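Chain residues, written in single-letter form:
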Amino acid sequence: MDFNDSKEEAAFRETCRAWLNDNAKRKASPDEVFGRGMSAAELMQAAREWQGRKAQAGFGAITWPEKFGGRGGSPIQEVIYRQEEGKYKVPVGAFNVSLGMVIPSLFVHANSSEAKQHVNDALHGKELWCQLLSEPNAGSDLGMIRTKAERCTDGRDGWIINGQKVWTTLAQFADCGLVLTRTDPDVPKFAGMTTFYVDMNAEGVEICPIRQANGEEEFNEVFFTDVFVPDIQRVGDVGAGWKVTLTGLMNERLSIGGVIPPELWRTTIKHMQECDLGDGKTALDDGVMRQQLSDLYLNAQGLWLLQCRGLTALGQGREPGAELSVAKIVGARTLQDFSYFAMDLKGTGGILTADDLGDSWRLVEQLWMGAAGMRIAGGTDEIVKNNVGERVLGLPPEPRTDKGKTYKELLSGS
Amino acid sequence: MEFRFTEEQRMIRDTAQAFLAEISSSQAIRSAMATEQGYEDKIWQRICDEMYWQAVHIPEEYGGMGLGYVELVAMLEQMGRYLLCSPFFSTLCLAANALMIAGTAEQKRHYLSQICDGSLTATLAYTSINGQWGAGAIQGTVETQGNNYVLNGTYRYVPDGHTAELLIVAARKEGSTGEKGISLFAIPADTPGVSRTWLPTMDQTRKQAEIVLENVILSAEHLMGEQSNAWPQLRKVIQLATIATAAEQTGGSQQVLDLTVAYTKERVQFGRPIASFQAVKHQAADMMLRTEVARSAVYYAACVAEESINGGPLAGELAEAASVAKSYCSDGYFNNASDAIQLHGGVGFTWEYDVHLYFKRAKSSELFLGNAAYHRELVAKMLLD
C-alpha cells in the first residue's frame, strides 16, 4: 500500500501546481469561497473564462481521450488536479456536470460532426450543458419519466418532445441539455427510453428557476412544449436511453475526490478557540467538544480513505462498488456534522447570518442548510442504503410491485 | 392521576388551532417574514380584536382574561405549529411576565392594561453580545445620578427589540458580577439614548434586534423590583419564557411530523407510496416518539409554571421543569425538522415547501434561552448539588 504520489503522479502534481501558480490567485484561507458579491450571471461568466483557460493548457478535462481534447489521463490525475485547484480562488463546479457526466455520453454514443463541435465548445467553456433527467413524478424512481419524444409525421427527420423536467442544475445558463425521454410505453420502463440533446434556446423550451431552502436558485424546472429535435441530435439508439444515462452516472464517480473542503478540522479548531466558556477556558478545554473535534477528524480521514480505495479500483480499471456509495453518505454527514458543530460553538450568535457575522461564517452558513440537500440530491441516503443492502450485501429485496410490467401498465396502476 | 387538559383547555387549544390555520397560512408566514417588522399589523389587530390573546394570562384586574399557564402553553403549542409571526411571544411571554413578577403596582396598572387593550407591544432585553442566557449574560450597567438612573450597554438577540414600544431591560451595578447587583427597568422605546437595530437572522420568522443604550436617563418610577436585587425575579421570568419556548417547539415538532406523514403517503415511487417503505416508517415513528416525550415534558412544566405563579406544591420545581422541557423540546424539534427535510426528498430542499421554515425556527429556538447542552448542564448541577 502506498498513499504517496507515485513518481508519475508527483510529476503531474508539480505540473498542475506550476500552471496554477502562474494563472490563478491562491486562497488566503482554506474556507475562502470564490465569488463573494458576484451575481449568478457574473459567476457563470467567470466560470466560462476559467474553463477556457484550463482547456487551453490541457487541464480542461483530464480523463477525456486526447482526440476530444483531454489528456487521456487517469481518474487519479483528475483528482490530483482538483486537489491543487482547490487551493486557488477560482470558480469551481459549474462545468462538472457538463464535462463530467453529460459530454462523455456524447463521445461514447454520438458520432456526428455537430456532436464533435459541441464536445469541443463545452471543453473550452463556450457551451454549458445541463442534464434533464428527474421529473416531478420520477425522482428516486427515475424509470417512471413521462416526458415523451414522438417521431415527426410531417416529413421532417426528427422528433417532437413534450413534458417537464425538474431539479435541472444551471439550466438557466445552459446552452444545451441532454434529455431522457419516453419513446416506447409498451415495454418495461427502462427499455423504452431514448436520449437526445437539445438547444436550451429552442422554441418550446421554457426554464423556470426553483428557489432552494438556502435562498439560492441553482435548480430549475424545464418545460418542453412541442420542441422539435432533429434525429441527428439523438444520442445512442432508440430505446438505449437508460444505457446512455448510466454512462453519465458512472462518470459521477470522478467527483469523489473533491467532496470535502480540505482540512475542515483546522477551521473547527479556530471556532473552538473563539468559543469562550468563561474562567479563561475555551472550547479547546472541554472534553466533550474535544471528542467532537476528533470525530470530525476521524470522519474526514475515513472518507478520504474510502475515496482512496475507490480511486485505486478505478485506476486499475475496476468498478469502485460499495466504497463509492458509502462515501456519499459519509461525506454529506461529515459536512453536516462540521457545520452543526460550528453552529454549536458559535452559540447564540449562530442565529445570525454571515451578513452580520462576516465572510468567514459564509461556509458554515452554506453547509448548515446545504448539507441537508446533499443527503437527498444525486441519490438519497435511503436509496443508497437500499442499493448497499441489496446489491452489495445481497439482502433479499423488498417485494417490488413494479417489476415485470410495461411502463403503460405501471402508469395506470399508480 | 389526571395529567391531561380539562375540557375547557381542550377548547382553547382547538379554537387556537382553527384560528391559526386561517390567519397563519404558509402565505401569511412568508409575507410577514419578508418584512423587517416581522408581522402584519392587520393580523395582529385581528388577533387582539377577535381572540383577545394579548390578554390571555394577565390578571383580570388589569383587563386580562386571567387564564393560567397551562392555557397559555396550549395556545403557544399551536402558535409554534403555525409559525405565527406576531409580537405575542415577546409581549406576553417575556415582557408581561416580567411586569407581573417584578412590576410595581403602578407599572402593572399602567402597562398591563395597555398590553391588554392591544395598544402596547413590549419585550425583554438582558443578554449582551456574549450571547449567554444566565446572570452572566447581563453586561449593561446602571449608575445612580441623584434620583435618576443612567443606563449604558449593548443588548443582543432581543425578540422584536426593534419594534417593541416598551423595553424591559436588565442592567447591573458597575463592578458587580454574577447574580448580584442586577436591576430591572421599564423603558419606553422612544426614550432618548435608546437605539435599536434589526439583526439579520437565518430564521426570518422570529425577528431579533440589537439595542444600544447610551446614557439613558430614567427617573425612579422606571425601576422594577428591588434595586440591585432583581435577579431572583428575572431568573423566574427567564424560566417561564423557557417553558413558553418549549411549548412552541413542541407544536413545530408535531407539525413537521404531520407534514411528513402527509407527504410520504402521497408521494409514489416504485409503484407505491414511499410511506410503505420500512426505512421511512421507522423514521416517522422516531419523530413521533420525540414529539410525545417533548410534549409530556412541556405540559408538566406548564403545570409547574402555573403553580409557581399562583402557588402550589410544584412551585419549587420550576428551574428543573424548565430545563428538562427545553432540552427535550430543542433536540426533538431540530431532529424532527431535519428528518422531515430528508423524508420530503428533493422538495424538502426547496424554498417553496414549508419544511425549511421549521428547520430554521427549530435551530433559532434551540439557541434562544439556552440549547439542550446548556440545560442538561443545569440539570446536572441541580442533581449533583
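See the structure above.
Because the structure is a prediction, the values reported are computed rather than measured.

> How should I be thinking about the state of the cysteines in this particular structure?
Covalent bonding between the sulfur atoms of two cysteines defines a disulfide. As enumerated under the stated definition, the model contains zero disulfides over all chains in all. A:C176 provides the cysteine sulfur closest to A:C152, a residue in no disulfide bond, and the two sulfurs are 19 Å apart. Here B:C329 is not cross-linked by a disulfide; its sulfur's nearest cysteine counterpart is in B:C303, at 14 Å. On the accessibility criterion, B:C329 (2% relative accessible area) is buried.

> Honestly, the environment of A:P188 in this entry has me stumped. Any pointers?
Residues and elements named next belong to chain A. Residue position: P188 is located in the loop between strand 4 (176-182) and strand 5 (193-199). Taking the C-alpha atoms as reference, P188 lies 8.0 Å from K403; in sequence the two are 215 residues apart. Excluding residues within four positions of it along the chain, P188 makes contact with K405, T406 and Y407.

> Sorry if this is basic, but what is going on with the packing of aromatic side chains here?
The geometry of an aromatic ring pair is captured by the separation of the ring centres together with the interplanar angle, meaning the angle of the planes. Going through the model one piece at a time under the given rule, you end up with 24 aromatic pairs over all chains. With a centroid separation of 5.2 Å and 40 degrees between ring planes, the pair formed by A:W19 and A:F59 is classed as tilted. Remark: A:F59 occurs in the loop between helix 2 (40-57) and helix 3 (75-85) and A:W19 occurs in helix 1 (residues 7-23); sequence separation between them is 40 residues. Neither residue differs from the other here; A:W19 and A:F59 are each classed as buried. Summarising the aromatic geometry, the rings of B:F5 and B:Y299 are spaced 4.7 Å apart at their centres and angled 45 degrees between planes, so their arrangement reads as tilted. Remark: B:Y299 occurs in helix 8 (residues 278-310) and B:F5 occurs in the segment before helix 1 (7-23); sequence separation between them is 294 residues. The exposure class assigned to B:F5 is buried, which follows from its relative accessible area of 9%. Cluster of aromatic residues (ring-pair linked, three or more members): A:F12, A:W19, A:W50, A:F59 and A:Y81.

Reading guide: rules and limits
- Residues numbered from 1 in each chain as written.
- Chains lettered and ligands numbered in written order.
- Predicted model: local features only at pLDDT ≥ 70, side-chain atom pairs only at ≥ 80, totals over all residues.
- Heavy atoms only, no water.
- Disulfide = S-S within 2.5 Å.
- Buried < 20%, exposed > 50% of the residue type's maximum accessible area, 1.4 Å probe, protein only.
- Helix = DSSP H or I, 4+ residues; strand = E, 2+ residues; numbered from the N terminus.
- Contact = heavy atoms within 4.5 Å.
- Phe/Tyr/Trp six-rings, centres within 6.5 Å; stacked < 30°, edge-to-face > 60°.

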